[in-house]
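# Fold and contact review
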Amino acid sequence: MTSSGGLEGKAYLVTGGGTGIGRAVAARLAADGAAVTICGRTESTLLDSVARIGPSLADGGSIHHVVADVTVEDDVKAAVDAAASPTGDLDGCVANAGGGGQLVRLAEQATEEFLRVLHMNLLGTFLCLKHSVPRMIAAGGGSFVGMSSIAGAVTHPFFGAYPVSKAGIESLVRNAADEYGEYGVRCNSVRPGFIATEIMTMLPTESSVYRSYLDNTPLPRLGEPEDIAAAVRFLVGDESSWITGITLPVDGGHALRRGPDFTEFAG
């Protein structure tokens, strides 16, 4: 990875940093000189990311890990504290951890499953915001980035709480941007489209679902985790110092059309 620098001396927390988008974000920030702490629930996965990112570190860059579940408030607080420890301050938080659930119609969703996905995505992002913002205020400012999804803006039938939670993240960062702008804390979100992560690459390329994604994307290719990492890098850096309260779509234009057809996989 080519380093462009600019983040030397800064410290960031990236949740869900063990795979996919989170790993790519952590790698990009560390390659530009930041002290990056990743967190997730599985230590072996985090250690694998640390090993993969290590060779791309720029001067001043470092990569650390802490085991944490973003739905557990004490875990989130500990992760934020750990992320601030390399420099003494926290300059940003990328709340990337999240996931989906069962593919069934809304009236058939188990309430427990609906709440599980809401907690993982929306509550987890809120807890990261709650505990990182005071640290950023103490540092004189910072940048919080929530991870939304095209499902938060374009209907994704059968996705249950997932679209609801992602739309909630966008609303959360808008309100946080308004509340904390006076303290120099910027809050934005990124809205990825169809990204070639471990989960999405399990979708057969010959399936109608896969084709429906590409048919509805003006730039007809899968996005890469690095596409999202580049957007996050922009939002945490000085290049976006007068940008707050936005959701940045990174979807190849998918939001101009319609969501995917998951009928064949719905229960």
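Here the structure is shown first, and the text comes after it.
A brief look at the structure comes next. Quantities reported herein were computed from a predicted structural model and do not represent experimental measurements. (Residues numbered from 1 in each chain as written. Predicted model: local features only at pLDDT ≥ 70, side-chain atom pairs only at ≥ 80, totals over all residues. Heavy atoms only, no water.)

### With respect to the overall build of the protein
Each helix and strand in the protein was counted, giving seven helices and seven strands. Reported as C-alpha extents along the three principal axes, the dimensions of the protein are approximately 50 × 35 × 35 Å. The 267 residues of the protein split such that 51% are buried. Partitioning the contacts of the protein with sequence separation of at least 6, the portion at a separation of at least 24 is 76%. Element-wise, carbon and sulfur atoms account for 54% of the exposed surface of the protein, whose accessible area totals about 11,700 Å². Distance between charge centroids for the protein: 4 Å, based on 19 positive and 30 negative side chains. (Helix = DSSP H or I, 4+ residues; strand = E, 2+ residues; numbered from the N terminus. Buried < 20%, exposed > 50% of the residue type's maximum accessible area, 1.4 Å probe, protein only. Contact = heavy atoms within 4.5 Å. Areas by Shrake-Rupley, 256 points an atom, 1.4 Å probe, with all protein chains shown as cover. Lys, Arg positive; Asp, Glu negative; His and termini not counted. Charge placed at Lys NZ, Arg CZ, Asp CG, Glu CD.)

### Some thoughts on the side chain of threonine 217
Locating threonine 217 in the fold gives a position in the loop between helix 6 (208-215) and helix 7 (225-236). If sequence neighbours within four positions are ignored, threonine 217 has contacts with Asp251, Gly252, His254 and Arg257.

### Section: the nonpolar core
Val14, Val25, Leu29, Val36, Val94, Val190 and Val232 are the most contacted members of the largest nonpolar core, which has 27 residues in total. Broken down by element, this core gets its largest block of residues, seven residues, from helix 1 (residues 20-31). What valine 14 contacts, discounting residues up to four positions off in sequence, is Gly22, Val25, Ala26, Leu29, Val36, Thr37, Ile38, Cys39 and Val94. With 25 residues, the next largest nonpolar core counts Cys39, Ala68, Cys93 and Ala95 among its residues. (Core = buried A, V, L, I, M, F, W, Y, C linked by side-chain atoms within 4.5 Å.)

### Digging into the sheet that holds strand 2 (residues 35-40)
Read from one edge to the other, the open sheet built from seven strands follows the order 3-2-1-4-5-6-7, with strand pairing classed as parallel. Looking at which strands have only one partner, the edges of the open sheet turn out to be strand 3 (62-67) and strand 7 (247-250). The average angle at which neighbouring strand axes cross in this sheet is 20 degrees, direction not considered. Pairing geometry for strand 2 and strand 3, over six bridges, is parallel. In the sheet register, threonine 37 faces strand 3, and the bridge partner there is histidine 64. Contacts from helix 3 (residues 73-84) reach strand 1 (11-15), strand 2 and strand 3, with the element oriented near 145 degrees to strand 1. (Pairing = 2+ DSSP bridges. Axes fitted to C-alpha atoms, helices over the stretch in contact; angles between N-to-C directions.)

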